[in-house]
Amino acid sequence: MTVTWDKTLLVGDVGGTNARFAIAHMVNGKPVLEHHRAFPASEHPTFLGGVKAFIDGCDVKPTSGVIAVAGPVTDGEIDLTNSPWRVSEKELGTLGLDPVRLINDFEALAWGAPAVPANELASLGGPEEGDPHSAIAVLGPGTGFGVSALVRDIRGNEVAMPSEGGHACFAPGDPIEDEILRILRRRYDRVSIERLICGPGLLNMHRALAEIDGRETHIDDPAQITQEALDDPRGHCGATLARFCAILGAVAGDIALTTGARGGVYIAGGIAPRILPFLQASPFRERFERKGRFQDYMAAIPTHVILHKHAALLGAARVAFAEAG
């Protein structure tokens, strides 16, 4: 028997580059998404206009919802970190949404990761499953670098922990990374993880490695670095992408230690799925586990890439239905 909850809720996932929206229903205790729409954020000059365009195209209008956004939410308002869009829950209420909540996009991913089917996860090493009573961490590079965790207790209660962990300081792991940090400090003074592990960060890293090697590079598009690396892993772009994956593994391990994520670490964002075979063959897992006296602790933590395109929408739907009660 299929049991469907009759509420029609709006869910969204808005990043620095793209916006995704859907209508959510609850079927047999699980969120089901329909009427998907995705578009570049640049299509609409305002966030409110983008949400209104989606709602106007729905046959059945949502009455409430949850929208995940790529940036911190303060007093119901957001100023997207890598986008000119700004909006508040109060403004969204003018579209007939009551209640409506804005949450951090990686907070939504923390809620969504456990709802992703196993066949839409790709392993990056470690056991198949982690401790079901321990926290999980979700992190990943895209336009920026997001970090969150889902904290669990022994009774099965869960609480998502949004953060701005991508803006923590970058910690080099070898002499080459010492030099990368030295070079980037000339430009940024303070070098965060996001200055290296995201799309624009890949370009920063490529230029720094070229300077270390004493050669010139005329590449100015991160997508070109990725494509050339996949075409020729032994070339200069391949070396850049391998270093990118290694640092991603080291950062993921640091976040696992910080959050106690013995339930697993999930890599989200737009970059990891596109470079998956390269990432699986890279030093990612070696650097993830290379934590000195805690190497055995790290070896017991599974690492996966989320392949589900709408994991944040699933998480937003979980929050929306919990609050709709």
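Residues numbered from 1 in each chain as written. Predicted model: local features only at pLDDT ≥ 70, side-chain atom pairs only at ≥ 80, totals over all residues. Heavy atoms only, no water.

S.K.: Mind showing me how you'd approach the packing of helix α6 (residues 222-231) against helix α7 (residues 236-259) here?
M.R.: To describe two helices that pack against each other, one gives the angle between their axes and the distance between the axes. Taken N-terminus to C-terminus, the directions of α6 and α7 make an angle of 105°; their axes are 7 Å apart at the nearest point. When the axis of α6 is compared with that of α7, the two are roughly perpendicular. Residues I225, E228, A229 and L230 of α6 pack against C237, G238, T240 and L241 of α7. Across the contact of α6 with α7, the residue classes tally to 5 nonpolar, 2 polar and 1 charged. (Axes fitted to C-alpha atoms, helices over the stretch in contact; angles between N-to-C directions. Helix = DSSP H or I, 4+ residues; strand = E, 2+ residues; numbered from the N terminus. Parallel < 35°, antiparallel > 145°, perpendicular 65-115°, else oblique. Contact = heavy atoms within 4.5 Å. Nonpolar A, V, L, I, M, F, W, Y, C, P; charged D, E, K, R; others polar.)

S.K.: Help me understand the packing of aromatic side chains in this model?
M.R.: The geometry of an aromatic ring pair is captured by the separation of the ring centres together with the interplanar angle, meaning the angle of the planes. The tally for this structure, following the rule as stated, stands at 4 aromatic pairs. A ring pair is formed by F294 and Y297, whose centres lie 5.5 Å apart and whose planes are at 70°; its orientation type is edge-to-face. The class of F294 is partly exposed, set by a relative accessible area of 42%. Pairwise contacts between aromatic rings join F21, F39 and F54 into one cluster. (Phe/Tyr/Trp six-rings, centres within 6.5 Å; stacked < 30°, edge-to-face > 60°. Buried < 20%, exposed > 50% of the residue type's maximum accessible area, 1.4 Å probe, protein only.)

S.K.: How should helix α3 (residues 105-112) be read in this particular structure?
M.R.: Spacing of three or four residues puts side chains on the same side of an α-helix, whose turn is 3.6 residues. Within α3, 8 of the 8 residues are buried, which leaves it mostly tucked inside the rest of the structure. Looking at α3, one finds that the buried residues are D105, F106, E107, A108, L109, A110, W111 and G112.

S.K.: Explain the environment of Q280 here, please?
M.R.: Relative to the assigned elements, Q280 resides in helix α9 (residues 276-281). Other than its neighbours up to four places away in sequence, Q280 contacts A122, S123 and L124. Among the polar contacts listed, one links the side chain of Q280 to the backbone oxygen of S123, at a separation of 3.1 Å. (Polar contact = N/O pair within 3.5 Å; in protein donor to acceptor, adjacent residues only side chain to side chain.)

S.K.: Help me understand the packing of helix α5 (residues 199-213) against α6 in this model?
M.R.: Closest axis-to-axis distance for the α5/α6 pair is 8 Å, and the angle between their directions is 70°. When the interaxial angle is binned, α5 and α6 end up roughly perpendicular. Listed contacts from α6 to G199, P200, L202, L203 and H206 of α5 are P222, I225 and T226. A per-class count over the contact of α5 with α6 returns 5 nonpolar, 3 polar and no charged.

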